[in-house]
Amino acid sequence: MHSYWGKCLIIDLTAQKSEVRELPQSLLRNYLGGVGLGTRLLLEWAKPGTDALSPDNPLIFASSGLAGTMAPASGNHAVVTKSPLSGFVSDSVSSGHWSLSLKRAGYDAVVITGAASSPVYVFVDNEIVHFHKADHLIGQGSFQTAEAIRKHTGDDRVQVASIGPGGENMVRYACINDSYCRATRGGAGAVMGSKRLKAIAIRGTRAISAYDLRGVERASIDLYARAQAETASGHKNPRTPDNLLPINRLDALPTRNFQQSSFEQANITEEYLAANHLVKIIACPTCPAACEHLYQVVDGGPEVALDYESLAALGPLCGIDSVPAILKAVELCQFHGMDTVSTGNSIAWAMESFEKGLLTKEDTQGINLSFGNPEALVAIVESIGKRNGIGNLLAEGTKRASAKLGRGSERWAMHSKGLELAGYDPRTMKSRALRFAVGLEIQSNDCFHCGDEDIHSSSSTSLSNQEREDTAAVSNSLMICGLIHSCFSDFLSEAAHLYTLATGIHISPAELKQAGERINNLKKTLNIREGWRRSDDWLPPRLFKDPITSGKAKGAVLSDKELQAMIEGYYQSRGWTIEGLIPTVKLKALGMDDILEMAKGSWHGASLHTV
Ligand code: SF4
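On a predicted model such as this, the values are computed, not experimentally measured, just so you know. (Residues numbered from 1 in each chain as written. Predicted model: local features only at pLDDT ≥ 70, side-chain atom pairs only at ≥ 80, totals over all residues. Heavy atoms only, no water.)

Describing the site of the ligand
So the rule is basically this: In these notes, residues near a molecule or strand are those with any non-hydrogen atom within 4 Å of it. Here the nonpolar group is Ala, Val, Leu, Ile, Met, Phe, Trp, Tyr, Cys and Pro; Asp, Glu, Lys and Arg are the charged ones; every other residue, Gly included, is treated as polar.
Taken together, eleven residues lie around the ligand, and Ala73, Cys284, Cys287, Cys291 and Cys481 are the ones closest in. Among the residues making up the shell around the ligand, the classes are represented as ten nonpolar, one polar and no charged.

In structure tokens form, the structure reads like this:
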């Protein structure tokens, strides 16, 4: 096999043993790699009904058939597991050098099972797997952890994916960091913490072959040239903080926990950040776009990656306009290894609960947790990472925290299926309503352009949502970063061509599109197995009952009939039943007979609907 190894490393932390299993070519072709391969392995390795934080929940890392080639922005890896926030599939994508090391070590994926009895880190040194004690790394952030491990292994090139104190403390939205890159959303870091696995370090030194090396080079160079032309023409990367003001102007910027959709103090511009805090802009491996903007709160301090979603969640969502406070909060999230979107949402929920008198200074250890208080923001992020005081409640995420506090606070807990909403108000950006409600794709790492077509309209969103999800599934499985899609004139055709050149496995654009559909049906199948019900595809009550209180969008709410119609249209476009279940014929049409076979055995979750 070219470009793939056809090998999966299985690491059992309980027994401290490892083995290598074959990955058949048919499985790799059907599920591509990354999110697709990771989800397929999750279905196989996670028993139905497994608790997300139990040793039985596998933690899966997967690269793709393009990793290690010149294909642009293809050096990412996916982390797939059962989410401690939602109980459904969690897939997140990181974009550092770790994936390349995994590939060069000779594996397409790693499945981590069980749990160690005390903190460990695993060092995968090509074919040899070492288990090392990690007590001395407890309490360290990812940079300190990586440095210590490199020192211990005596090799600066070792790549390290690790958790911070947030993951160790099983903050339900903890992430896994490698350098500035993070598998952010869904809580994979908490799963890693529950296994007492501080880090997984990899040294990979093998050469990766391509079926048609010259062909991959030619196609990649052409894409690089297009990316550079786009940058030269002033095209801005969709995730930069510079999107804050356009989204504010569109009345789609969630403010003070979604009470408003525009922030009167929104004045953070790229020019201001560049003049006062920007240190450098970096790129992930093989990426011509370079979107990672690194900032410092103060000269000489830690460098932090800031994107639009982090700025929105720790800024306007909490009523904060102080850039140093927002950067400090992001810095603390980076150190503790926590998703900025869920952290910001949890704090915003607590701020509203405080202002409404449901939480008092007694609950907050004397902190005035009002919206707009920058000191409170910074203090609470720290307390979440350590699970101190009120931080212990907020570390559970808004769904569980509001269920515990009760007294109506569920109404302003802004999550869908337990995963907190990213920085776009679905009352004014209605296509987001459907995306957040049905939620098969990663919420933040996708292509977003501030276009009028995304605003105040629900027409055609059902079909386009299915197409977008399927394209995102292809992208997140081939591991081509979604943020460079605009460099492709026809993404599916060019991606299929690259895949064929790299792997020697011929795939047509239509087959690639179908692979995206298959991957999304697989995710849904797994969610159904884990107890998904039609009522789970919905949004928080605030969006239907609490009109936006100020700005041009004052009075706007979401209509439940409108969302219902969008969801039904979406199910129909997917070929699912009106209840959102998957007919057997659909799985057969997608070549998923093996999944139907698995559903017959020990599968004791909801059965797949048959029509
Ligand atoms: S566009 Fe940004 S996130 Fe994507 S691969 Fe390039 S640098 Fe990394």
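Next comes the rest of the write-up.
A word on the pairing of strand E6 (residues 109-113)
So the rule is basically this: Accessible area is worked out with a 1.4 Å probe on protein chains only. A residue is then buried under 20% of its type maximum, exposed over 50%, and partly exposed in between. Numbering of helices and strands runs from the N terminus; a helix is a DSSP stretch of H or I covering at least four residues, while a strand is a stretch of E covering at least two. Note on pairing: two strands pair once DSSP finds at least 2 bridges between them.
A large share of E6 lies buried, amounting to five of its five residues. Side chains Ala109, Val111 and Thr113 project from E6 onto one buried face, and the interleaved Val110 and Ile112 project onto a second face that is buried too. Taken together, the five bridges between strand E1 (residues 7-12) and E6 define a ladder with parallel strand orientation. Residue pairing in the sheet places Leu9 in a bridge with Val110 of E6. Sheet analysis places strand E3 (residues 59-62) next to E6, joined by four bridges and oriented antiparallel. Paired with Ala62 across the two strands is Ala109, which belongs to E6.

Structural notes on the sheet that holds strand E5 (residues 89-94)
What counts here: Helix axes are fitted to C-alpha atoms over the stretch in contact, other axes to C-alpha atoms as well, and angles between N-to-C directions run from 0 to 180 degrees. The contact rule is simple, with two residues in contact once any of their heavy atoms fall within 4.5 Å.
The strand order across the open sheet formed by six strands is E2-E1-E6-E3-E4-E5, and the pairing between neighbours is mixed. In this open sheet, the two strands that pair with only one neighbour each are strand E2 (17-22) and E5. Pairs of neighbouring strands in the sheet enclose a mean axial angle of 20 degrees, with direction left out of account. Along the sheet, helix H2 (residues 34-45) makes contact with E1, E2, E3, strand E4 (77-82), E5 and E6, crossing E4 at roughly 30 degrees.

Some thoughts on the packing of helix H11 (residues 323-336) against helix H13 (residues 374-386)
For any two helices packed against each other, one specifies the crossing angle of their axes together with the interaxial distance. The cut-off we apply is this: Should an angle lie under 35 degrees it is considered roughly parallel, over 145 roughly antiparallel, and from 65 to 115 roughly perpendicular; all remaining angles are considered oblique.
Orientation of H11 relative to H13, taken along the N-to-C sense of each, is 5 degrees, at an axis distance of 9 Å. In this view, H11 runs roughly parallel relative to H13, as classed from their interaxial angle. From H11, Ala325, Ile326, Lys328, Ala329, Leu332, Cys333 and His336 reach across to H13, where they touch Pro374, Leu377, Val378, Val381, Glu382, Gly385 and Lys386. In terms of residue class, the contact of H11 with H13 is built from nine nonpolar, two polar and three charged.

Focus on the nonpolar core
Short version of the rule: The nonpolar core is taken to be a set of buried Ala, Val, Leu, Ile, Met, Phe, Trp, Tyr and Cys residues, with the residues joined through side-chain atoms within 4.5 Å.
Counting 149 residues, the largest nonpolar core has Ile347, Trp349, Ile384, Leu394, Leu478, Leu512 and Leu539 as the members making the most contacts within it. Dropping the residues within four chain positions of it, Leu512 is found in contact with Leu32, Val474, Leu478, Leu492, Ala495, Ala496 and Ile507. Judged by nonpolar contacts, the second largest core, of 27 residues, contains Ile11, Leu102, Ala161 and Met192.

Examining helix H15 (residues 397-405)
Counted only if it meets this: It is the directions from the helix axis to the C-beta atoms that the arc portrays.
Along H15, the residues that are buried comprise Gly397, Thr398, Ala401, Ser402 and Leu405. Within H15, the buried residues cover an arc of 145 degrees as seen down the axis, which keeps them to one side. Among the exposed residues of H15, those oriented more than 90 degrees off its buried face are Ala403 and Lys404. Check the buried side of H15 and you find it contacts helix H12 (340-355), helix H14 (390-394), strand E16 (415-416) and strand E17 (419-420). One or two positions beyond H15, positive phi appears at Gly406, with a value near 60 degrees.

Some points on the packing of aromatic side chains
For the record, the criterion: Two aromatic rings from Phe, Tyr or Trp, using only the six-membered ring of Trp, form a pair when their centres are within 6.5 Å; if the ring planes differ by under 30 degrees the pair is stacked, by over 60 it is edge-to-face, and anything between is tilted. When the NZ atom of lysine or the CZ atom of arginine is within 6 Å of a ring's centre and also within 35 degrees of its normal, the charge is said to sit over that ring.
Here the structure, examined in full by the defined rule, presents eight aromatic pairs. Ring geometry for Tyr4 against Tyr499: centres 6.1 Å apart, planes inclined by 70 degrees, an arrangement best described as edge-to-face. Taken together, the residues span a long stretch of sequence, with Tyr4 in the segment before E1 and Tyr499 in helix H18 (residues 491-503) at a distance of 495 residues. The burial state of Tyr4 is the same as that of Tyr499; both residues are buried. Measuring from ring centre to ring centre gives 6.0 Å for Tyr570 and Tyr571, while their planes differ by 50 degrees; the resulting arrangement is tilted. For the pair Tyr570 and Tyr571, one class covers both residues: buried. The ring of Trp412 has Lys356 sitting right over it, with the charged end atom 4.7 Å from the ring centre. In this structure, Arg432 is placed above the aromatic ring of Tyr424, and the distance from its NZ or CZ to the ring centre is 3.9 Å.

Digging into the side chain of Asp125
With respect to the element layout, Asp125 can be found in strand E7 (residues 120-125). Setting aside its immediate chain neighbours within four residues, Asp125 contacts His130 and Arg203.

Topic: the environment of Leu32
Positionally, Leu32 belongs in the loop between helix H1 (25-31) and H2. Residue class for Leu32 comes out buried when judged on its relative accessible area of 0%. Not counting the four nearest positions on each side in its chain, Leu32 is found in contact with Tyr4, Leu27, Ser64, Gly65, Val474, Ser477, Leu478, Tyr499, Ile507, Leu512, Ala515 and Ile519.

A word on the pattern of salt bridges
Our working rule: Within this document, salt bridges are pairs made up of a side-chain nitrogen of Lys or Arg and a carboxyl oxygen of Asp or Glu, the two lying within 4 Å of each other.
Scanning all chains against the criterion turns up 35 salt bridges. Between Arg214 and Glu217 there is a salt bridge, with the nearest N and O atoms lying 3.1 Å from each other. One end of the pair, Arg214, and the other, Glu217, are both in helix H7 (residues 213-232), three residues apart, so they sit about a helical turn from each other. For Glu217, a relative accessible area of 26% puts it in the partly exposed group. Note that Asp425 is salt-bridged to Arg427, the shortest N-O span being 2.8 Å. The class for Asp425 is buried, based on a relative accessible area of 0%. Taking the relative accessible area as the measure of exposure, Arg427 reaches 2% and is therefore buried. Three or more residues joined by partner-sharing salt bridges are found here, namely Glu352, Lys356, Arg411, Arg542 and Asp546.

What to know about the environment of Leu539
Checked against the element boundaries, Leu539 lands in the loop between helix H19 (509-529) and helix H20 (542-545). Put simply, Leu539 and Ala146 are 393 residues apart on the chain and 39 Å apart in space, counted from C-alpha to C-alpha. Setting aside anything within four residues of it in sequence, one finds Leu539 in contact with Ser416, Leu421, Pro426, Ala433, Phe436, Ala437, Phe544, Leu558 and Leu563.

Quick look at the sheet that holds strand E13 (residues 278-282)
Strand-to-strand pairing in sheets goes through backbone hydrogen bonds, with the strands running parallel or antiparallel. One open sheet accounts for three strands, arranged E13-E14-E15; its pairing is antiparallel. Strands with a single pairing partner mark the edges of an open sheet, and in this sheet they are E13 and strand E15 (303-305). Taken pair by pair, the neighbouring strands of this sheet meet at an average axis angle of 30 degrees, ignoring direction. The pairing of E13 with strand E14 (residues 292-296) spans four bridges and is antiparallel. Bridge pairing in E14 places Leu278 opposite Tyr295.

As far as function goes, none of this settles anything; it's purely spatial.
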